[in-house]
Amino acid sequence: MTVRKALALVIGAVMCTGVLGTGCAREHTGASSQDAHAPGSSAAQPASPRAAPPRTFPRPLPGVGPVMRDRLPAGSRQALVVTGETEDSSQARAVLYERIPAEGWRAVAGPWPAHNGLRGWTADHEAGDLHTPIGVFGLSDAGGRLPDPGTLLPYDQDPQFAVSGTGYLGEPLEGSFDYVVAIDYNRVSGTTPLDTTRPLGEDKGGGVWIHVDHEGPTNACVSLSEEHMRALLTALDPDKEPVVVMGPEQVLNQ
């Protein structure tokens with residue numbers, strides 16, 4: 001073999017080695033790229049979606065079940081819930097709630113002790129039956145013998161709110177009508193609590209108020225202490241369409 005032929009063979013071997021090395025590098029690079037997206041590879045996993053926050057729902061009116069809750073006016077944002085101990089009891093408790101957007105109902109005053117009708121509660125009130133009517137009723141008008149304590153409700157100060165005599169336990173009734181909020185049962189809202197118009201008829205009773213407690217059962221009204229009456233009067237806001245939701249616990253919870 002001549003020196004020229006030997007040199008040619010060496011140069012060819014070197015060139016072949018370079019070409020093969022380049023090709024292997026490309027194939028290896030390609031394999032690595034495919035492996036990066038192969039199942040099970042951490043690089044192939046998409047970013048885990050952030051856990052959705054838990055859903056929250058506005059708090060319903062406490063102590064009031066769906067049946068009575070459906071009777072709430074859509075625009076009401078204040079509710080005085082008066083809960084009787086039993087259907088026959090003349091003792092109750094009252095809590096004032098307000099509805100906060102996105103939050104729901106929350107207590108803003110109370111619980112306050114209260115009295116109701118001597119014979120308890122009824123869903124079919126009749127004049128003189130000594131029961132307090134069960135239901136959801138507006139609170140649109142106020143008044144009393146004493147001056148307006150600062151309520152936003154229309155307030156009628158009138159000496160006709162005077163009362164005398166004794167209650168069913170022999171307790172004095174004087175001062176019971178010093179402050180009054182009319183319950184819109186069988187009455188025309190937008191009038192003084194003294195108005196005697198009875199849209200449902202005289203036999204269905206009327207003049208059902210929230211008034212100052214005389215430490216005994218009422219004819220049909222709900223009574224609170226004078227301090228709590230002032231607190232209620234100054235809290236009620238007609239723009240919030242206040243209502244009273246009242247009845248024995250077992251009925252309100254339905």
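Details of the structure are given in the entry above.
Residues numbered from 1 in each chain as written. Predicted model: local features only at pLDDT ≥ 70, side-chain atom pairs only at ≥ 80, totals over all residues. Heavy atoms only, no water.

Draft legend 1. Structural context of the packing of aromatic side chains. With the rule as written, the count across this model stands at 3 aromatic pairs. An angle of 55° between the planes, with centres 5.7 Å apart, marks the rings of F161 and W209 as tilted. Placement of the pair is F161 in the loop between strand 7 (155–157) and strand 8 (180–183) and W209 in strand 9 (residues 209–212), with a sequence separation of 48 residues. Taking relative accessible area as the criterion, F161 reaches 1% and is therefore assigned buried. Take W209: its relative accessible area is 10%, and that puts it in the buried class. Residues F177 and W209 carry aromatic rings whose centres are separated by 5.0 Å and whose planes lie at 75° to one another, so their mutual orientation is edge-to-face. Separated by 32 residues along the polypeptide, F177 in the loop between strand 7 and strand 8 and W209 in strand 9 bring together distant segments of the chain. (Phe/Tyr/Trp six-rings, centres within 6.5 Å; stacked < 30°, edge-to-face > 60°. Helix = DSSP H or I, 4+ residues; strand = E, 2+ residues; numbered from the N terminus. Buried < 20%, exposed > 50% of the residue type's maximum accessible area, 1.4 Å probe, protein only.)

Draft legend 2. Representation of the pairing of strand 6 (residues 135–144). Among the 10 residues of strand 6, 8 are classified as buried, and the element is accordingly described as predominantly covered. Where strand 6 meets strand 11 (residues 243–248), 4 bridges bridge the pair, whose relative direction is antiparallel. Across the sheet, G135 pairs through a bridge with M246, a residue of strand 11. In this structure, strand 6 lies alongside strand 8, joined through 4 bridges in antiparallel fashion. Across the sheet, residue L139 finds its bridge partner in strand 8, namely I183. In this structure, strand 6 lies alongside strand 7, joined through 3 bridges in parallel fashion. Within strand 7, the residue paired with A142 across the bridge is Y155. (Pairing = 2+ DSSP bridges.)

Spatial relationships are all this shows, so hold off on functional conclusions.
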